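What follows is the residue order along each chain.
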Amino acid sequence: DARVTQTPRHKVTEMGQEVTMRCQPILGHNTVFWYRQTMMQGLELLAYFRNRAPLDDSGMPKDRFSAEMPDATLATLKIQPSEPRDSAVYFCASGPGTSANEQFFGPGTRLTVL
Amino acid sequence: TQLLEQSPQFLSIQEGENLTVYCNSSSVFSSLQWYRQEPGEGPVLLVTVVTGGEVKKLKRLTFQFGDARKDSSLHITAAQTGDTGLYLCAGAPTDTGRRALTFGSGTRLQVQP
């Protein structure tokens, strides 16, 4: 049963600390997405990769956030330094790259920045 | 302003009732998707509609794509407690060149036993 995995599932940290979230996309999927979900803003796209190349990171605060795909089996989202307003659930999704851009989501990382 | 407006935002009904939720936009979409999200989980893809006027059925769920491909609806017949969750529509509008999906704000459905 192929699925997207994310680690950690929960993270509590203090303001100013670095946070790294990891995602393993479904084997064979060539698109990877990072989203942030809050009650106020809903699901917001942060970054989008195709074949490991970043295609759209316009939703990501560039000064503190960075997203990379070191290889096809790992995507990372890093926040440095973290701030309380970054508290949210961060989802990774992967897709087979069809024209409809169907996506399969991981279980998310719940981040709390104190 | 949300590119995809979903209504209602919240819906609480009794088991056995029927309901319809809507996803509307002023933009044209080549396709729209519906996802359901349960607490503590990521959204799960339910269906993709591609052709204007298309109707797709998934057991008790009926999805329709508007003729002009600007809107979609989800109808649930005889709702069950297991249908409880956040329903999200998503799509990439054809006029922006943006290839990533935009998600609506969702309809939060609570089905009471």
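Procedures and definitions
- Residues numbered from 1 in each chain as written.
- Chains lettered and ligands numbered in written order.
- Predicted model: local features only at pLDDT ≥ 70, side-chain atom pairs only at ≥ 80, totals over all residues.
- Heavy atoms only, no water.
- Helix = DSSP H or I, 4+ residues; strand = E, 2+ residues; numbered from the N terminus.
- Rg over C-alpha atoms; globule rule 2.2 N^0.38 Å.
- Contact = heavy atoms within 4.5 Å.
- Areas by Shrake-Rupley, 256 points an atom, 1.4 Å probe, with all protein chains shown as cover.
- Lys, Arg positive; Asp, Glu negative; His and termini not counted.
- Charge placed at Lys NZ, Arg CZ, Asp CG, Glu CD.
- Buried area = accessible area lost by both parts, 1.4 Å probe.
- Salt bridge = Lys/Arg side-chain N within 4 Å of Asp/Glu carboxyl O.
- Polar contact = N/O pair within 3.5 Å; in protein donor to acceptor, adjacent residues only side chain to side chain.
- Nonpolar A, V, L, I, M, F, W, Y, C, P; charged D, E, K, R; others polar.
- Buried < 20%, exposed > 50% of the residue type's maximum accessible area, 1.4 Å probe, protein only.
- Pairing = 2+ DSSP bridges.

Enquirer: In this structure, what is going on with the overall build of chain B? I would like to understand it.
Expert: For chain B, the helix and strand inventory stands at zero helices and eleven strands. Relative to the compact-globule value of 13 Å for 113 residues, chain B shows a C-alpha radius of gyration of 14 Å, a close match. Each principal axis of the C-alpha distribution contributes one length, and for chain B these read about 45 × 30 × 20 Å. In chain B, 55% of the contacts between residues at least 6 apart in sequence involve partners at least 24 apart. Summed over its atoms, the accessible surface of chain B is roughly 5,400 Å², and 48% of this surface lies on carbon and sulfur atoms. Looking at charge distribution, chain B has the averaged site of its 10 positive side-chain charges lying 6 Å from that of its 10 negative ones.

Enquirer: So what exactly am I meant to see when it comes to the interface of chain B and chain A here?
Expert: With 18 residues of chain B at the interface, the matching set in chain A holds 18 residues. Summing both partners gives a buried area of about 1,500 Å² for chain B against chain A, and 53% of it is carried by carbon and sulfur. At the boundary of chain B and chain A, one finds zero salt bridges. At the boundary of chain B with chain A, the tally comes to four residue pairs in polar contact (both at pLDDT 80 or more). Among the elements of the structure, strand 4 (29-37), strand 5 (44-49) and strand 9 (85-93) of chain B are those that each provide at least two residues to the side of chain B that touches chain A. For the side of chain B that touches chain A, the element with the most residues is strand 4 of chain B, which contributes four residues. Looking at the side of chain B that touches chain A residue by residue, the class counts come to eight nonpolar, six polar and four charged.

Enquirer: Quick question: what am I supposed to make of the pairing of strand 3 (residues 19-24) of chain A here?
Expert: Residues and elements named next belong to chain A. Of the two faces of strand 3, only the one carrying Val19, Met21 and Cys23 is buried; Thr20, Arg22 and Gln24 on the other face are not. Both strand 1 (residues 5-7) and strand 3 contribute to a ladder of three bridges, which runs antiparallel. Bridge pairing in strand 3 places Thr5 opposite Gln24. The pairing of strand 3 with strand 8 (residues 74-79) spans five bridges and is antiparallel. Within strand 8, the position partnered with Val19 by the bridge is Ile79.

Enquirer: Is there a simple way to think about unusual backbone geometry in this case?
Expert: A negative phi angle is the norm for most residues apart from glycine, just as the trans form is the norm for most peptide bonds. Between A:Gln80 and the following residue, A:Pro81, the backbone shows a cis peptide bond with an omega angle of -5 degrees. On the secondary structure map, A:Pro81 appears in the loop between strand 8 and strand 9 (88-95). Residue B:Pro8 is bonded to the preceding B:Ser7 through a cis peptide linkage, with omega at -10 degrees. The residue B:Pro8 is located in the loop between strand 1 (5-7) and strand 2 (10-14) in this model. For A:Asn51, which is not a glycine, the phi torsion comes out positive at approximately 50 degrees. Here A:Asn51 is to be found in the loop between strand 5 (42-50) and strand 6 (53-56). Although it is not a glycine, B:Arg69 sits at a positive phi angle of roughly 60 degrees.

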